[in-house]
Amino acid sequence: MTGSTALNSARRSAELAALADGERVDVIVIGGGITGTGIALDAATRGLSVVLVEKHDLAFGTSRWSSKLVHGGLRYLATGNVGIARRSAVERGILMTRNAPHLVTAMPQLVPLLPSMNTASRALVRFGFAAGDGLRKLAGTPASVLPRSRRIDASRAVELAPTVRRDGLDGAFLAYDGQLIDDARLVTAVARTAAQHGARVLTRVAASHATGTSVRLTDQLTGESFDVAARAVINASGVWAGEVDSSIKLRPSRGTHLVFDAAAFGNPVAALTIPIPGEINRFVFAMPEQLGRVYLGLTDEDAPGPVPDVPEPAPEEVSFLLDTVNTALDVALSPSDVIGAYAGLRPLIDTGAGRTADVSREHAVVESPSGVISVIGGKLTEYRFMAEDVLDRAIEWRGLTATDCRTRNLPLVGAPSNPVATLRHPTEMPGSLVARFGAEAPNVIAAAACERPTEAVAEGIDVIRAEFEYAVTHEGALTVDDIVDRRTRIGLVEADRERVLAVADEFLVSARER
């Protein structure tokens, strides 16, 4: 079954009303991040009736604070965890070739060979990249999608990363990994594809009193509450999982990134990859991103205590990232070059002692005494595999009638082979629009009812007015923050955010008046 992919206020109201009337469903999913939306898509494509509820907005939590990478698992191979390394490589290949080739592209990673890098470290990186090539082959991802690693000379390294330190530069190692145009856009695409297959995706709806067979839902916009019965209740609320099921113990770790104007790095086309002094297998990355930015990350710090809605970077993390990247630059970046920053909390399973950097990124599926099924831990790259795993368990434990998992070969909204893709050639569209919407880009402009749909929302920002409108009419945006901070990532830079708030509000007012 395929239907409309459009998420909007009218659809939300109609679906909430049907549930309030006492309709029973097969599966309720709590949490609208990448894990929850992945589960909703898997359930809907197996023929199950599914409702996803999210207290805030799609990708409100950890799912929008990542490095925007789809990792091939190289780091896990280095720690001896072959299983998760291989799975990561497989899932990366599925995303890049089948599910979301429009959202995940090959990102060059450049490790400069500087005098500070000793022979042993160079050998380790070279071996690691060769192992990464092996993982790529094992996963069946062609070199045309992810090129092989190689060594390049100093002049080529400078072309790719113009501000790299030149004194003593002995060339560089170049390898490739998967890069998302944006993590929050992936979540939105998964959610809309779930809706296309019949899932009800409801934001600003809080879940409470969860048991194995029912959940109380509260519309955050009206205050109305009602109970919904289900055959399975799945908790996919990430770092907030313990608030749904008090028996769950997590150990969140904070990962911080800094945001720069790409010009501060000479407008690089490769991610500068810099070994952390004193560490064997950890790096910081300066990654070229959309909207003319570079993100520098990342940290891995214990984050005990209450879980905040929006985590804040710590001052020492900012200093650590700047100090580390400056070891490999010809320019000296200072705090004044930082135009934005963000931090996310990884929902790690609490294994007791040790550094969070060393805690396993494996996921677990657990059933609480109340009957709620929770999926905890894991990583963005493996969201599809995690969804398949938790659905397999739920189907077995609850005796649900469902087909086998279909998501391995399922194109998301915007992928060329998804039914909503248009046949017009995307080269007619602005490159930035195609990067964010793929084959759906022509629809964004065609669906626009606003004046000047192809005009930028503000001078120097390559987001057009039609994208803001589409966020409201098709992508479930209900507030200005949804548009500015999650459907687009303009909000990462406060000065840019201020310039577009009134434009975003214009489209929300227009939607209410229709």
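Keep in mind the model is a prediction, meaning the values are calculated, not measured.

Participant: Can you walk me through the packing of aromatic side chains in this structure?
Facilitator: For any two aromatic rings, the description comes down to two numbers: the centre-to-centre distance and the angle of the planes. Within the structure shown, the criterion is met by five aromatic pairs. Ring plane angle 80° and centroid distance 5.7 Å describe the contact between Tyr 295 and Tyr 342, whose orientation is recorded as edge-to-face. Residue Tyr 295 is located in strand β14 (residues 293-297), and its partner Tyr 342 is located in strand β16 (residues 338-346); the two are separated by 47 residues in the primary sequence. Each member of the pair, Tyr 295 as well as Tyr 342, carries the same accessibility label: buried. Clustering of aromatic rings is evident, with ring pairs tying together Trp 65, Tyr 295 and Tyr 342. A cation over a ring is seen here: Arg 64 above Phe 60, with NZ or CZ 5.0 Å from the ring centre. Positioned above the aromatic ring of Phe 437, the side-chain terminus of Arg 185 is 4.3 Å from the ring centre.

Participant: Is there a simple way to explain the domain arrangement of the protein in this structure?
Facilitator: The parts lose accessible area when they come together, and the size of an interface is often stated as this lost area. The domains assigned to the protein are domain 1 (9-63 + 184-249 + 359-409), domain 2 (256-269 + 281-349) and domain 3 (431-513). The C-alpha-based centres of domain 1 and domain 2 are spaced at 31 Å. At the interface, 14 residues of domain 1 touch ten residues of domain 2. Contact between domain 1 and domain 2 buries roughly 1,100 Å² in total, counting both sides, with carbon and sulfur atoms accounting for 62%. Remark: the boundary between domain 1 and domain 2 carries zero salt bridges. The tally of links between domain 1 and domain 2 comes to two residue pairs in polar contact (both at pLDDT 80 or more). Of all the elements in the fold, those that place two or more residues in the side of domain 1 that touches domain 2 are β17 (363-367) and β18 (373-377). The residue inventory of the side of domain 1 that touches domain 2, partitioned by class, reads six nonpolar, six polar and two charged.

Rules behind the numbers
- Residues numbered from 1 in each chain as written.
- Predicted model: local features only at pLDDT ≥ 70, side-chain atom pairs only at ≥ 80, totals over all residues.
- Heavy atoms only, no water.
- Phe/Tyr/Trp six-rings, centres within 6.5 Å; stacked < 30°, edge-to-face > 60°.
- Helix = DSSP H or I, 4+ residues; strand = E, 2+ residues; numbered from the N terminus.
- Buried < 20%, exposed > 50% of the residue type's maximum accessible area, 1.4 Å probe, protein only.
- Lys NZ or Arg CZ within 6 Å of the ring centre and 35° of its normal.
- Domains from an automatic or database assignment.
- Contact = heavy atoms within 4.5 Å.
- Buried area = accessible area lost by both parts, 1.4 Å probe.
- Salt bridge = Lys/Arg side-chain N within 4 Å of Asp/Glu carboxyl O.
- Polar contact = N/O pair within 3.5 Å; in protein donor to acceptor, adjacent residues only side chain to side chain.
- Nonpolar A, V, L, I, M, F, W, Y, C, P; charged D, E, K, R; others polar.

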